Amino acid sequence: MTKVTVWNEYLHEKESETVAAVYPKGIHTCIKDFLTSDEVSVRTATLDMPACGLSEEILADTDVLIWWGHKGHERVPDEIVSRVQNAVLQGMGLIVLHSGHKSKIFMKLMGTPCDLLWRDNDRERVWCVNPAHPIAKGIPPYFELEHEEMYGEHFTIPTPDDVVFVGWFAGGEVFRSGCTFTRGMGKIFYFQPGHEEYPTYKNPFVQQIIKNAVEWAKPTAHLEKLACTHLEKPTESKN
Ligand code: ZN
């Protein structure tokens, strides 16, 4: 059983009727509903919970953490960010969605500003540029999102391990929409679609990509501690 925690700041859905109409139970519940299966168990966590719903115990019981944040980035305490960072370094997978590019945790793991160009409502064509990658399994050469926020290059991230998707927008911009990274033992996937005013997380290809990313990012090994350990030279065999 793969254990997923979906973290959502859960602010827009409570403050905007437009967003509430798209995600009446919150983006986190929408993601939980399509991810849950016989093989995947999902819990949700939000900014308003004690410790943002991300206690040591919860993180220790999480294989993959999914992150949706936007206007509440600064309200996530640094202590929680360090806790998530340590969990990733020790092997927990992390999927950062949409405006999570400016979250404290993503910027900390990247070490760069993660800035980009943006514009409201545009049509996006998401191209699969790495069809052999596990996250691209079952995804056609491209699919379209009729309404999505334009994110454009230059995206100030470090060079990704792999670019799986490139977004093209009707205004002509392009963006590295699906990128993978490794930090410590942890696998990280950044995925651009998912502006809160549009039903992006109801798109079957977007759902498939997030399911694939969970399968790809789940830990295959855990590093229990990060301390340097002195090792005695092995004694020679007397045989
Ligand atoms: Zn947005």
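Report follows, based on the coordinates. Predicted model only: the values in this text are computed from it and were never measured.

A few words on the packing of aromatic side chains. Applying the stated criterion to the full structure yields eleven aromatic pairs. Between Trp7 and Trp67 the ring centres are 4.0 Å apart and the planes differ by 15°, which places this aromatic pair in the stacked class. Here Trp67 lies in strand β3 (residues 64-68) and Trp7 lies in strand β1 (residues 2-8), a separation of 60 residues in the sequence. Ring centres of Tyr151 and Phe175 lie 5.8 Å apart, and the angle between their planes is 75°; this geometry places the pair in the edge-to-face category. Of the two residues, Tyr151 is situated in strand β6 (residues 142-152) and Phe175 in strand β8 (residues 174-183); the sequence distance between them amounts to 24 residues. Exposure remark for Phe175: the relative accessible area of 1% places this residue in the buried category. Three or more aromatic residues joined by ring pairs form one cluster here, namely Phe106, Tyr151, Phe155, Phe175, Phe181 and Tyr190. Its end group placed over the ring of Tyr23, Lys202 keeps NZ or CZ at 5.6 Å from the ring centre.

Further remarks concern empty space enclosed by the protein. Applying the stated criterion to the full structure yields one cavity of 30 Å³ or more. If you trace the largest cavity, you find it lined by Trp7, Trp67, Gly69, Gly72, His73, Val76, Ser103, Lys104 and Ile105. Among the residues forming the lining of the largest cavity, the class breakdown is four nonpolar, four polar and one charged.

Let us now look at the pattern of salt bridges. One pass over the full model with this rule turns up 15 salt bridges. Taking the shortest distance from any N to any O, the salt bridge between Glu15 and Lys71 comes out at 2.4 Å. Here Glu15 is found in helix α1 (residues 12-15), whereas its partner Lys71 is found in the loop between β3 and α5 (78-89), with 56 residues between them in sequence. You can call Lys71 partly exposed: its relative accessible area is 43%. Salt bridges sharing common partners tie together Lys3, Arg43 and Asp61.

Below, the discussion takes up the nonpolar core. Ile66, Phe165 and Tyr201 are the most contacted members of the largest nonpolar core, which totals 35 residues. No other element matches the seven residues that helix α7 (residues 204-217) contributes to this core. Counting 34 residues, the second largest nonpolar core, distinct from the first, contains Leu54, Val81, Val96 and Cys114.

Cut-offs applied
- Residues numbered from 1 in each chain as written.
- Predicted model: local features only at pLDDT ≥ 70, side-chain atom pairs only at ≥ 80, totals over all residues.
- Heavy atoms only, no water.
- Phe/Tyr/Trp six-rings, centres within 6.5 Å; stacked < 30°, edge-to-face > 60°.
- Helix = DSSP H or I, 4+ residues; strand = E, 2+ residues; numbered from the N terminus.
- Buried < 20%, exposed > 50% of the residue type's maximum accessible area, 1.4 Å probe, protein only.
- Lys NZ or Arg CZ within 6 Å of the ring centre and 35° of its normal.
- 1 Å grid on protein atoms, 1.4 Å probe; cavity = no way out; pocket = protein on both sides within 12 Å on 5 of 7 lines; lining within 4 Å.
- Points joined across faces, edges and corners; volume = space filled by probe spheres on them.
- Nonpolar A, V, L, I, M, F, W, Y, C, P; charged D, E, K, R; others polar.
- Salt bridge = Lys/Arg side-chain N within 4 Å of Asp/Glu carboxyl O.
- Core = buried A, V, L, I, M, F, W, Y, C linked by side-chain atoms within 4.5 Å.

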